[in-house]
Amino acid sequence: MIDQVISKEEFSGLVKEELTGLLESASAEYAEPLQKLSLQFAEQYYRYLNGTTEADRKRSEANIRHIKATMAHISAGMGLDVTDRIIKICTTVLSIAAAAAVKAII
């Protein structure tokens, strides 16, 4: 499970750091809801990766779809593809966590 590599708090903290550039490109009108949605997305992504049952993963998938739809709406308003950027941020965070786990083992 992913929680053996990185805690939910560490994951969320790294996502917040990675979001800085994205939020700077957002207007004040979109920055706050985008930050909230991004953190919700990261939480659900973490839950999906750490789901112990199929029901847990399905619930997270449904929540992710809802968040992505909301982000798509914001993206249209901003003229950006926010969802892809958030996925890249989560992937970056997981890569950082995996590298840290490997270093800890070595």
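This one's a predicted model, so the numbers in the text were calculated from it and none came from an experiment.

Caption draft 1: A look at the overall build of the protein. Within the protein one finds four helices and zero strands. Along its sequence from the N terminus, the protein presents helices and strands in the succession α-α-α-α. The burial tally for the protein puts 35% of its 106 residues in the buried class. Across the protein, contacts joining residues at least 24 apart in sequence account for 71% of those joining residues at least 6 apart. Summed over all atoms, the accessible surface of the protein reaches about 6,300 Å², with 54% contributed by carbon and sulfur.

Caption draft 2: Local environment of the nonpolar core. The biggest cluster of nonpolar side chains holds 20 residues, and the ones touching the most others in it are Phe11, Val15, Phe41 and Val93. Those elements giving two or more residues to this core turn out to be α1 (8-24), α2 (28-50), α3 (54-78) and α4 (82-105). Looking at which element gives the most residues to this core, the answer is α2, with six residues.

Caption draft 3: Local environment of the pattern of salt bridges. A complete count under the given rule lists four salt bridges for this structure. Across the salt bridge formed by Arg47 and Glu43, the nearest N and O atoms sit 2.7 Å from each other. Taken as a pair, Arg47 and Glu43 lie in helix α2 at a separation of four residues, close to a single helical turn. Under the relative-accessibility criterion, Glu43 is labelled partly exposed at 25%. For the salt bridge of Arg59 with Asp56, the shortest nitrogen-to-oxygen distance reads 3.3 Å. Taken together, the residues Arg59 and Asp56, both in helix α3 and three residues apart, mark about one turn of the helix. Residue Asp56 is classed as partly exposed on the basis of its relative accessible area, which comes to 24%.

Caption draft 4: Examining the packing of aromatic side chains more closely. Scanning all chains against the criterion turns up one aromatic pair. Their ring planes at 10° and their centres at 6.1 Å tell us that Phe41 and Tyr45 sit as a pair that is stacked. With Phe41 and Tyr45 both in helix α2, this residue pair falls four residues apart, about one helical turn.

Caption draft 5: Representation of α2 in the model. With 23 residues, α2 extends 33 Å between its outermost C-alpha atoms, agreeing within 8% with the 33 Å of an ideal straight helix rising 1.5 Å per residue. Restricting attention to buried positions, one finds in α2 the residues Tyr30, Leu34, Leu37, Ser38, Phe41, Ala42, Gln44, Tyr45, Tyr46 and Asn50.

Caption draft 6: Broad picture of the confidence of the model for the protein. Of the residues in the protein, 75% have a pLDDT of 70 or more, and the chain-wide mean is 76. Across the protein, the secondary-structure element scoring lowest on mean pLDDT is α4, at 69, and the one scoring highest is α3, at 85.

What counts as what
Residues numbered from 1 in each chain as written. Predicted model: local features only at pLDDT ≥ 70, side-chain atom pairs only at ≥ 80, totals over all residues. Heavy atoms only, no water. Helix = DSSP H or I, 4+ residues; strand = E, 2+ residues; numbered from the N terminus. Buried < 20%, exposed > 50% of the residue type's maximum accessible area, 1.4 Å probe, protein only. Contact = heavy atoms within 4.5 Å. Areas by Shrake-Rupley, 256 points an atom, 1.4 Å probe, with all protein chains shown as cover. Core = buried A, V, L, I, M, F, W, Y, C linked by side-chain atoms within 4.5 Å. Salt bridge = Lys/Arg side-chain N within 4 Å of Asp/Glu carboxyl O. Phe/Tyr/Trp six-rings, centres within 6.5 Å; stacked < 30°, edge-to-face > 60°. Expected span 1.5 Å × (residues − 1). pLDDT = per-residue confidence, 0-100.

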